[in-house]
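Tertiary structure, described
Each chain, written out:
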Amino acid sequence: MKHLVKYINLIVSAADSNSYPNFEDKKKSILLHVFSYLFFFVLIGFVIYNAIAGDYEFLIANSLAIIIGGILYYLYRERQMLEFVTMFFVATIMLLTTFFVQTGGIDRTGLYFAVLIPLPTILLIGRRKGLVMLMIFVSVNLLGIILFESQDWYPNYNMEKGFRLGIVFFLISVMAYSNEYVFGFLYNKISRLSDSLIKSQQSYKNLAVNKEHFVSIVSNNLSDHIGSFAGIANLLNDEYDTLREDQKRELIRSLANFSEQNYRLMRDLVKWSTNATGTIVYEPRAIKLEKVYRDVISLFNPQIEEKKLSFFLKAKSNSEVFADPDMVGAILRILVSNAIKFSKEGGEVKIYAEEDGDNMRITVSDTGVGMSEENLLRVNSSVAFSTPGTMEEAGTGIGLILAKEFLQKNRGAFLAESKLGVGTKITFTLPLVD
């Protein structure tokens, strides 16, 4: 028994399943390989038996079947013609068995081969196609019995034995069909589980990347902010009695600014980290952007007035976009805040919107200090960095990163254009409502 199992393992392992990416095709290739060996083994046995018995008609038929099987095996192994070979293989076995049935009679050994037909038929070509071919096979042979039973050359069947073989044929068909059904059911469950595991693995990879990204941002930004705050506090503590009153007020003002900056940094870090871990709820719906524009502009009115900026809003379309309103508001606040931050006194900030195919294209531009090519590359590559504004306004370094991640969630695109000393233009898209 051990030798038989070892031999079967050798046959299965020799199957060329690696040539087929699809799991179902892999299964077919292994089964076809096993059935090919079984087919050759049985037919060689028949050839030997026919030669000894002097039954030359069956000897020729079985020999031709071996030759055809060899050709099919070549096409399957060397040409990877799996679908064609499986169909042809099953059809060949059916034709050969039909020949046995119509010429051999119930007392001929070859006829018993008919009860095995459901196994290669259903297992190789599937439940539905297999059942159709089995019904055709049974119908053809029953029709032959009805049409030729009265002929002298037609074999005389023992109906009792034929009925028994029919029961066996039916049971094997049910078993083969059930096997394929159970296999398909389990395969679908395994596929869903595999997809779930792949998604989970990718999610864990993303979390690991986001964690590294988060740590990098914190180390490069939070430490600088807190370090500056601590430096000023230590200076006040050590030199308080020797400092002039105006110097003390300036240092205290700086401490207040750094406190505000640290608060903003922590707030942005919390937003970014919750988004990165998937805890921010994404609830897209149809929204009009005009209200979002107005809310953002009113929020920054004090800064706009302080820098005496000209602020323009030009929307060529009032169509609705399909996006999360809170995320869209955050994106615009980040971009408008940066535009104001890097605008010179008396400068100009514009929000421009127009339809572009299936998207709304929104542009926030300014006539401020602009960016160097190096910083522009950082912006488009989502590298965290921060530079002071025209009135030494500090940033957190992660605003644009957060905006781009919100855009990604809302199926939007992002593009930054800038020229040093001329200004910056940030363009992003949001999908229109269908």
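Refer to the structure presented above.
Everything quoted here is computed from the prediction, not taken from an experiment. (Residues numbered from 1 in each chain as written. Predicted model: local features only at pLDDT ≥ 70, side-chain atom pairs only at ≥ 80, totals over all residues. Heavy atoms only, no water.)

Re the environment of Leu124
Relative to the helices and strands, Leu124 is located in helix H5 (residues 118-125). For Leu124, a relative accessible area of 0% gives the class buried. Counting along the chain gives 34 residues from Leu124 to Val90, while the straight-line C-alpha distance between them is 8.1 Å. The residues touching Leu124, leaving out its near neighbours within four places in the chain, are Lys28, Leu31, Leu32, Phe35, Thr86, Phe89, Val90 and Leu119. (Helix = DSSP H or I, 4+ residues; strand = E, 2+ residues; numbered from the N terminus. Buried < 20%, exposed > 50% of the residue type's maximum accessible area, 1.4 Å probe, protein only. Contact = heavy atoms within 4.5 Å.)

Looking at the sheet that holds strand S2 (residues 310-315)
Within the open sheet, the 5 strands sit side by side as S2-S4-S5-S7-S6. Their pairing is mixed. The sheet is open, and its two edges are formed by S2 and strand S6 (414-419), each paired on a single side. In this sheet, adjacent strand axes meet at a mean angle of 10 degrees when their direction is disregarded. Here S2 runs beside strand S4 (residues 348-356); their pairing, made up of 6 bridges, is parallel. In the sheet register, Leu313 faces S4, and the bridge partner there is Ile351. (Pairing = 2+ DSSP bridges. Axes fitted to C-alpha atoms, helices over the stretch in contact; angles between N-to-C directions.)

As for the packing of aromatic side chains
In total, this model carries 2 aromatic pairs according to the counting rule given. Ring geometry for Phe137 against Phe169: centres 6.1 Å apart, planes inclined by 25 degrees, an arrangement best described as stacked. You can see Phe137 sitting in helix H6 (residues 127-148) and its partner Phe169 sitting in helix H7 (residues 159-239), a full 32 residues away along the chain. For the pair Phe137 and Phe169, a shared accessibility class is recorded, and that class is buried. Positioned over the ring face of Tyr240 is Lys248, at 3.8 Å from the centre of the ring. (Phe/Tyr/Trp six-rings, centres within 6.5 Å; stacked < 30°, edge-to-face > 60°. Lys NZ or Arg CZ within 6 Å of the ring centre and 35° of its normal.)

Quick notes on H6
Spanning 22 residues, H6 covers 31 Å between terminal C-alpha atoms, matching the ideal 32 Å at 1.5 Å per step. Listed in full, the buried residues belonging to H6 are Gly130, Met133, Leu134, Phe137, Asn141 and Gly144. Down the axis of H6, the buried side of the element spans an arc of 105 degrees, and every buried residue falls inside it. In H6, the exposed residues that point more than 90 degrees away from the buried face are Arg128, Met135 and Ile146. (Expected span 1.5 Å × (residues − 1). Arc of directions from axis to C-beta.)

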